[in-house]
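Each chain is listed here by its residues.
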Amino acid sequence: MRLTEAYERALAGFDRRVRLVGAGQWDAPTPCAQWSVRDLVNHVTGEQLWAPHLLRGETLTEVGDRYDGDVLGDDPVAVWERAAREARTAFTGPGALDAPVHTSGGLTPAENYARQMTLDLTVHAWDLARGTDTDDRLDEEVAEMVFTYVEPQIGGWQGFGIFDPPVEVAPDAPVQERLVALLGRDPA
């Protein structure tokens, strides 16, 4: 599977779950201990809002603080839809992954940035499904690609506080269970 296809499928999976959030669910808790459903959608929406800028070569300073705080406003779904549409266009355009992008980790190959964004969309789609009590099944091919990307790096990422410590699951568990467990979530 091409990386841009994985990104698009992960984006679609998160999108589907955003559209299922009921009016009374925005304050519901998620597996991300500090985040409500709204906080989680705000985080992922903010990430998507940044993408077109970074893929055009803008620096973090040039983007500035325009996406700090609440980006969802009074119509979270509409803001999400716009952010997703613009990010998808940016990631799938001709040559989009050819030049490095500026990230908080420094100048990063755009392919690595796309993998990170696919990871973010995938795991947070699962978190959002759990927070809204909807179907949490992930696209198996995307989950496999993300797991293959994350597994060799997880030890180095643990020190940054990005993910909780891995949860133990059987080595032959389905890839979705191994992925969410590796990222510190209880798949049960």
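Computed from a predicted model, the values in this text were never measured in an experiment.

Caption draft 1: View of the side chain of Thr103. Residue placement: Thr103 occurs in strand β1 (residues 101–103). A relative accessible area of 15% means that Thr103 is categorised as buried. Beyond its immediate stretch of four places on either side in the chain, Thr103 contacts Leu60, Thr108 and Tyr113.

Caption draft 2: Local environment of the packing of aromatic side chains. Within the structure shown, the criterion is met by four aromatic pairs. Taken together, the aromatic side chains of Tyr7, Phe91 and Tyr113 make up a single cluster linked through ring pairs. Above the ring of Phe147, the side-chain terminus of Arg178 is found at 4.9 Å from the ring centroid.

Caption draft 3: Focus on the nonpolar core. Phe14, Phe91 and Val150 are the most contacted members of the largest nonpolar core, which totals 57 residues. Elements represented by at least two residues in this core include exactly α1 (3–18), α2 (37–55), α4 (76–92), α5 (110–132), α6 (140–150), α7 (154–158) and α8 (175–182). Looking at which element gives the most residues to this core, the answer is α5, with 10 residues. If we ignore the near neighbours within four places in the chain, the residues touching Phe14 are Val41, Val44, Trp80, Leu121, His124, Ala125 and Leu128.

Caption draft 4: Focus on α1. End to end, α1 covers 23 Å across 16 residues, agreeing with the expected 22 Å (1.5 Å per residue, within 8%). Restricting attention to buried positions, one finds in α1 the residues Leu3, Thr4, Ala6, Tyr7, Ala10, Leu11, Gly13, Phe14, Asp15, Arg17 and Val18. On the buried face of α1, the contacting elements are α2, α4, α5 and α6.

Definitions and cut-offs
Residues numbered from 1 in each chain as written. Predicted model: local features only at pLDDT ≥ 70, side-chain atom pairs only at ≥ 80, totals over all residues. Heavy atoms only, no water. Helix = DSSP H or I, 4+ residues; strand = E, 2+ residues; numbered from the N terminus. Buried < 20%, exposed > 50% of the residue type's maximum accessible area, 1.4 Å probe, protein only. Contact = heavy atoms within 4.5 Å. Phe/Tyr/Trp six-rings, centres within 6.5 Å; stacked < 30°, edge-to-face > 60°. Lys NZ or Arg CZ within 6 Å of the ring centre and 35° of its normal. Core = buried A, V, L, I, M, F, W, Y, C linked by side-chain atoms within 4.5 Å. Expected span 1.5 Å × (residues − 1).

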